Amino acid sequence: MSARATFLGHSAVLLESGEHRVLIDPFLTGNPLAARKAEAMDVTGIVLTHGHADHFGDTEWIAKRCGAPVYAAHEICEFLTERGHDKCEGMNPGGKVETDFGFVALTQAFHSSSYEKEGRYMGMPCGAIVSIGGVVFYHCGDTGLFSDMKLIGEIYRPQVAFVPIGDRYTMGPELASRAAEFIGAKIAIPVHYKTFPALRQEAKGFEPKGVAVRELSPGESIELD
Ligand code: NI
Ligand code: MN
């Protein structure tokens, strides 16, 4: 059992194992750091943490083209269904859905969630636990620090955590370090920085104790087993 995680820039991550290719927060078009074009994505599933444009991104287009199921908050799935994508798994924080690759569970996140082009409510902002190829990943989404990250870590025992460190809209490096310590994954990968001038431009200060930090350049992968 093994999986590969590829950082695609900003908060976008591709998780692969065998024939399964699951994309998290596919903001590629308009993402200055995007390592792939939306047209190049051939995926079997999409997981969304929330409805903001820098996460929702190319979801509708890729999901329809690939016929891929979307795992996301109930309201995001309602939106996609209205737009004619019928493969949606609506969820909410605390819930878990078994999948052909493992499972997806949504956690809480302290943030907001709207579809910015229309200001439409997109449900609760979430973090996502994705188990694929027997490897458990925790993508924190956009969030402030909360101490239940420790509980989430104890329950799901993720091997890898994707932690937003860019500050302003999410935790900065100092609080993100506390988050990574709470979660207790062996590896923490910083995300949601450098993309725009308003965000921190480097991962300096993201130094969780007892956790290995792997800073990935867009397009770079790590293998887990
Ligand atoms: Ni956001
Ligand atoms: Mn964001």
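The next subject is the coordination of the manganese ion (ligand 2). Bound to the manganese ion (ligand 2) on the protein side are D54 (OD), H55 (NE2), D142 (OD) and H192 (NE2), at distances that span 2.1 to 2.2 Å. Counting gaps between the donor residues of the manganese ion (ligand 2) yields the pattern D-H-x86-D-x49-H. Between the manganese ion (ligand 2) and the nickel ion (ligand 1) the interatomic distance amounts to 3.2 Å, and D142 serves as a bridging ligand to the pair. Residue D54 is located in helix α1 (residues 53–56), and its partner H192 is located in the loop between β14 (187–191) and β15 (212–213); the two are separated by 138 residues in the primary sequence.

Another aspect to go through is the coordination of the nickel ion (ligand 1). Those donors, H50 (NE2), H52 (ND1), H111 (NE2) and D142 (OD), are the protein atoms that reach the nickel ion (ligand 1), and they lie 2.2 to 2.3 Å from it. In this structure, the nickel ion (ligand 1) is surrounded by four donor atoms whose angles at the metal cover 90 to 176°, and the resulting shape is irregular. Along the chain, the residues donating to the nickel ion (ligand 1) are arranged with the sequence spacing H-x1-H-x58-H-x30-D.

Right, let's talk about the pairing of strand β6 (residues 88–91) for a bit. Here strand β5 (residues 70–73) pairs with β6 via four bridges, running parallel. What sits directly across from A72, in β6, is G90. In terms of handedness, the path from β5 via helix α3 (residues 74–82) over to β6 forms a crossover that is right-handed.

Right, let's talk about the sheet that holds strand β16 (residues 221–224) for a bit. In a beta sheet, neighbouring strands are held together by backbone hydrogen bonds and run either parallel or antiparallel to one another. Pairing is mixed in the open sheet, where seven strands are placed in the order β6-β5-β4-β3-β2-β1-β16. With one partner strand each, in any of the chains shown, β6 and β16 form the two edges of the open sheet. In this sheet, adjacent strand axes meet at a mean angle of 20° when their direction is disregarded. Direction of pairing for strand β3 (residues 20–24) relative to strand β4 (residues 45–47): parallel, over a ladder of three bridges. If you follow V22 over to β4, its bridge partner there is G45. Against the sheet, helix α2 (residues 59–66) makes contact with β3, β4 and β5, and its axis sits at roughly 160° relative to β4, the strand it touches most. Here α3 sits on the sheet and contacts β5 and β6; the angle it forms with β5, its principal contact strand, is near 125°.

Right, let's get into the sheet that holds strand β12 (residues 135–139). Pairing is mixed across the open sheet formed by seven strands, whose spatial order is β7-β8-β11-β12-β13-β14-β15. Bordering the open sheet on either side are β7 (96–98) and β15, each of which pairs with just one other strand. The pairing of strand β13 (residues 160–164) with β14 spans five bridges and is classified as parallel. Each residue of the ladder has a partner; that of A161, found in β14, is A188. Strand contacts of helix α5 (residues 173–183): β12, β13 and β14, with the helix running at about 160° to β13, the strand carrying the most contacts.

Rules behind the numbers
Residues numbered from 1 in each chain as written. Chains lettered and ligands numbered in written order. Predicted model: local features only at pLDDT ≥ 70, side-chain atom pairs only at ≥ 80, totals over all residues. Heavy atoms only, no water. Donors = N, O, S within 2.8 Å, 3.2 Å for Na, K, Ca; no water. Helix = DSSP H or I, 4+ residues; strand = E, 2+ residues; numbered from the N terminus. Tetrahedral: all angles 85-135°; square planar, octahedral: opposite > 155°, others 65-115°. Pairing = 2+ DSSP bridges. Right-handed = clockwise from strand over helix to strand, strands pointing away. Axes fitted to C-alpha atoms, helices over the stretch in contact; angles between N-to-C directions. Contact = heavy atoms within 4.5 Å.

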